[in-house]
Amino acid sequence: MPNLLTMPRDRSTPPLIAPSILSADFAAMGEECRGVLEHADAAGRADLLHLDVMDGHFAPNLTMGPDMCRALRRVFPAAFLDVHLMVHDPAMFIERFADAGANNLTFHIEAVDEVQVGPMADKIRSIGASAGLAINPPTPVERVMPHLEKIDMLLVMSVNPGYSGQAFIPEVLEKVRAVRKKLKPIQRVQMDGGINVGNAGAVREAGCGCIVAASAVFGVPALQRPGVIRALRGL
Ligand code: DX5
Ligand code: ZN
């Protein structure tokens, strides 16, 4: 099956939109996800569901684990499940999330030794998912430069991991400009944190091919969400 995140694109293609379920109503998760995945108009529909996994060590919050991924996979067999591992020991969880149905697994450069990046990405691909590498706002972009060839996607964080609803850090857009010329058309830059309809234009313009949004999507009433997704896409 072709991987949504590694489909060739150029900068004129609208970005993929990945609502983060961290801001969804956890007591109604199935309904919340169905609403964004199954909207009649494709432009107002989510392309991916973004799962923010935090372990209370790498990020100061506890969120969800493989069982959430497995439950969503069971109810939405065709959904693209994009797992963002904000955990101290990502190697510990790769197989468990792949087994639970994840399509993409992103780990942080701050959580691994440099020499582990390539083997970790290979391991993720060997179990059938694509591999993302994430970089936090304070980490210099030079840290990921030697690893771009080894990954499918670069996730540039635009807030510090922990919570949805934080303010966007505009300085990180410079990182996207620095890497985008070095990436192949099948590699995307994803941006995550503080993105809303007001600043999404700058995110798209910098060259991001996938936009994550939690509070901008799930923080508005369900009927307004397709309109927000369309607007984040720039349509
Ligand atoms: C930050 C998470 C984000 C977050 C985004 O720790 O990785 O995915 O949920 O939330 P918003 O879009 O509300 O900033
Ligand atoms: Zn995230």
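**Some points on the pattern of salt bridges**
Consideration 1: Scanning all chains against the criterion turns up 11 salt bridges.
Consideration 2: Residue D41 is joined to R230 by a salt bridge in which the shortest nitrogen-to-oxygen separation is 2.6 Å. Here D41, found in the loop between helix 1 (29–37) and strand 2 (49–54), pairs with R230, found in helix 8 (residues 225–233); they are 189 residues apart in sequence, far enough to count as distant.
Consideration 3: R230 sits in the partly exposed class, given a relative accessible area of 33%.

**Observations regarding the site of ligand 1**
Consideration 1: Around ligand 1, the surrounding shell holds 21 residues, and the nearest of these are D52, G165, D192, G194 and S215.
Consideration 2: D192 has a polar side-chain atom sitting 2.6 Å from an oxygen atom of ligand 1.
Consideration 3: Burial of ligand 1 by the protein chains amounts to 100% of its free accessible area of 390 Å².
Consideration 4: The biggest single contributor to the shell around ligand 1 is strand 2, with 3 residues.
Consideration 5: Classifying every residue of the shell around ligand 1 by side-chain character gives 10 nonpolar, 9 polar and 2 charged.

**Examining the pairing of strand 4 (residues 104–108)**
Consideration 1: The element strand 4 is largely enclosed, with a buried count of 5 among its 5 residues.
Consideration 2: Here strand 4 shows two buried faces, one formed by N104, T106 and H108 and the other by L105 and F107.
Consideration 3: By the bridge criterion, 3 bridges tie strand 3 (residues 81–86) to strand 4 in an arrangement that is parallel. Paired with H84 across the bridge in strand 4 is T106.
Consideration 4: One crossover worth recording links strand 3 to the parallel strand 4 by way of helix 3 (residues 94–99), and it is right-handed.
Consideration 5: For the crossover from strand 4 across helix 4 (residues 117–126) to strand 5 (residues 130–135), the handedness is right-handed.

**Digging into helix 8**
Consideration 1: Inspection of helix 8 places R225, P226, V228, I229, L232 and R233 among the buried residues, and these make up the whole buried set. For helix 8, the angular spread of the buried residues around the axis is 160°, confining them to a single face.
Consideration 2: Contacts from the buried residues of helix 8 go to strand 1 (16–19), helix 1, helix 6 (200–206), strand 8 (210–213) and helix 7 (215–218).
Consideration 3: Residue G234 follows helix 8 closely and has a positive phi angle near 90°.

**Considering the state of the cysteines**
Consideration 1: In this structure the tally under the stated criterion is 0 disulfides.
Consideration 2: Left unpaired, C33 is separated from the closest cysteine sulfur, that of C69, by 11 Å.
Consideration 3: Exposure remark for C33: the relative accessible area of 0% places this residue in the buried category.
Consideration 4: C69 sits in the buried class, given a relative accessible area of 0%.

Conventions and cut-offs
Residues numbered from 1 in each chain as written. Chains lettered and ligands numbered in written order. Predicted model: local features only at pLDDT ≥ 70, side-chain atom pairs only at ≥ 80, totals over all residues. Heavy atoms only, no water. Salt bridge = Lys/Arg side-chain N within 4 Å of Asp/Glu carboxyl O. Helix = DSSP H or I, 4+ residues; strand = E, 2+ residues; numbered from the N terminus. Buried < 20%, exposed > 50% of the residue type's maximum accessible area, 1.4 Å probe, protein only. Near = heavy atom within 4 Å. Polar contact = N/O pair within 3.5 Å; in protein donor to acceptor, adjacent residues only side chain to side chain. Areas by Shrake-Rupley, 256 points an atom, 1.4 Å probe, with all protein chains shown as cover. Nonpolar A, V, L, I, M, F, W, Y, C, P; charged D, E, K, R; others polar. Pairing = 2+ DSSP bridges. Right-handed = clockwise from strand over helix to strand, strands pointing away. Arc of directions from axis to C-beta. Contact = heavy atoms within 4.5 Å. Disulfide = S-S within 2.5 Å.

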